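One-letter residues, chain by chain:
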Amino acid sequence: MNIRVFEHDMQAAQAAAFLLASQILEKPDSVLALPTGSTPVPVYKELAHLTASGILDWSRVTTFNLDEYLGLAADDEQSYHHFMHEQLFSKINMRPEQIHILDGMAADPEAECLAYERAIRGAGGIDLAFLGIGRNGHIGFNEPTEIMSAMTHVVDLTAETLADNARFFTKNQKQPTQAMSMGIGTIMQARQIVLVATGGGKARAVRQMICGSMDPQIPASILQIHKSVTIFLDRAAAAALKANCD
Ligand code: PGA
């Protein structure tokens, strides 16, 4: 694991954006996996800025989002479809047919997951998976579990994840308790992985991911055996790390 620690969260986000940008510059038809949440927001802002500056061209890029809530339509303000449009896709020149996000309203979610896997394979697999990490160590919505799911699947969200994400929902909006998520195996098959974690709330999960034993209860710990992982942290998220994981 290549671990890079920055003083401030914005610096970590900018460095991650630069790595994503270099992937697109090197391979203009890159296939990317993309996250949602608070952490990627400044990364997407920097990517939008690089695009507006004429440095990045997304016309041949293909994207697959990591997850979507079950039961939320694409035009629902709380859906990850909506988030991605607001934070990134409305600001870059992606071709709409090359944007893939699981359909939260699919009549048959299991079939939707299978079709998603097929589409990822059809695109040639993922070149770079950009990830966040949950306080419980999840990546995508791969929650702590006994046995990890390799492929895209339906998942029951844990109490911790529901509590963490409750901040995005108003009193009148029903928070979904299930989602669909790209599986751990599909993420691990990405040729390169970039993970960003910022803030002290992530310090424990970051330490477990990097220094703990590989454990499905800390899904991100599996990244220890990926051959190309870069982790961007701010000082707060790195606070529980010591030299050599002592
Ligand atoms: P966050 O979520 O960026 O909103 O903290 C990260 C995640 O759950 O992967």
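Look up: the structure comes first, before these words.
Worth saying up front: this structure is predicted, and the values here are computed from it rather than measured.

1. Focus on the overall build of the chain
Here's step 1: Scanning the chain from terminus to terminus reveals seven helices and 10 strands.
Here's step 2: Here the chain has a C-alpha radius of gyration of 17 Å; the compact-globule value for 246 residues is 18 Å, and the two agree.
Here's step 3: Projected onto the principal axes, the alpha-carbon positions of the chain cover approximately 50 × 40 × 35 Å.
Here's step 4: For the chain, contacts bridging at least 24 residues in sequence account for 80% of all contacts bridging at least 6.
Here's step 5: Taken as a whole, the chain presents about 11,000 Å² of accessible surface, with 52% of it coming from carbon and sulfur.
Here's step 6: Computed over 19 positive and 27 negative side-chain charges, the separation of the two mean positions in the chain equals 6 Å.

2. Quick look at the sheet that holds strand β7 (residues 153–156)
Here's step 1: Spatially, the three strands line up as an open sheet ordered β4-β8-β7, and their pairing is antiparallel. Because the sheet does not close on itself, it has two edges, and the strands there are β4 (67–69) and β7. Averaged over all pairs of adjacent strands, the angle between their axes in this sheet comes to 30 degrees, without regard to strand direction.
Here's step 2: Two elements, β7 and strand β8 (residues 178–181), share four bridges in a ladder whose sense is antiparallel. The partner of Val155 across the bridge, within β8, is Ala179.
Here's step 3: Sheet contacts for helix α4 (residues 109–122): β7 and β8; angle to β7, the most-contacted strand, approximately 125 degrees.

3. A look at the site of the ligand
Here's step 1: Taken together, the neighbourhood of the ligand is formed by Gly37, Ser38, Thr39, Gly132, Ile133, Gly134, His138, Arg167 and Lys202.
Here's step 2: Within the backbone of Ser38, a nitrogen or oxygen atom sits 2.9 Å from an oxygen atom of the ligand.
Here's step 3: Thr39 is positioned with one of its side-chain polar atoms (N or O) 2.4 Å from an oxygen atom of the ligand.
Here's step 4: For the ligand, whose accessible area on its own is 280 Å², the fraction buried by protein is 84%.

4. Thoughts on the side chain of Ser30
Here's step 1: Locating Ser30 in the fold gives a position in the loop between α1 (9–26) and β2 (31–34).
Here's step 2: Polar contacts involving the side chain of Ser30 include one to the side chain of Gln23, which spans 2.9 Å.
Here's step 3: From its side chain, Ser30 meets the backbone oxygen of Lys27 in a polar contact 2.6 Å long.
Here's step 4: Once residues within four sequence positions are removed from consideration, Ser30 is found in contact with Gln23, Ile24, Arg60, Val61, Thr62 and Asp127.

5. Notes on the sheet that holds β2
Here's step 1: In spatial order, the strands read β1-β10-β9-β6-β2-β3-β5; together these seven strands make up an open sheet with parallel pairing. Only two strands of the sheet have a single neighbouring strand rather than two, namely β1 (2–6) and β5 (99–100).
Here's step 2: Examined bridge by bridge, β1 and strand β10 (residues 229–234) share five bridges and lie parallel to one another. Bridge pairing in β10 links Arg4 to Phe232.

6. Side note on the nonpolar core
General note: in soluble globular proteins, nonpolar side chains tend to be found buried as a group.
Here's step 1: Judged by nonpolar contacts, the single largest core of 40 residues is most densely connected at Leu47, Trp58, Leu88, Phe130 and Phe232.
Here's step 2: Secondary structure elements with two or more residues in this core: α1, β2, α2 (40–52), α3 (80–87), β6 (128–131) and β9 (192–197).
Here's step 3: Among the elements that line this core, the one with the most residues is α1, at nine residues.
Here's step 4: Sequence-distant contacts of Leu88, defined by excluding residues within four places in its chain, comprise Leu34, Tyr44, Leu47 and Trp58.
Here's step 5: In this structure, Leu70, Leu102, Ile184 and Ile193 belong to the second largest nonpolar core, which totals 36 residues.

Reading the values: the criteria
- Residues numbered from 1 in each chain as written.
- Predicted model: local features only at pLDDT ≥ 70, side-chain atom pairs only at ≥ 80, totals over all residues.
- Heavy atoms only, no water.
- Helix = DSSP H or I, 4+ residues; strand = E, 2+ residues; numbered from the N terminus.
- Rg over C-alpha atoms; globule rule 2.2 N^0.38 Å.
- Contact = heavy atoms within 4.5 Å.
- Areas by Shrake-Rupley, 256 points an atom, 1.4 Å probe, with all protein chains shown as cover.
- Lys, Arg positive; Asp, Glu negative; His and termini not counted.
- Charge placed at Lys NZ, Arg CZ, Asp CG, Glu CD.
- Pairing = 2+ DSSP bridges.
- Axes fitted to C-alpha atoms, helices over the stretch in contact; angles between N-to-C directions.
- Near = heavy atom within 4 Å.
- Polar contact = N/O pair within 3.5 Å; in protein donor to acceptor, adjacent residues only side chain to side chain.
- Core = buried A, V, L, I, M, F, W, Y, C linked by side-chain atoms within 4.5 Å.
- Buried < 20%, exposed > 50% of the residue type's maximum accessible area, 1.4 Å probe, protein only.

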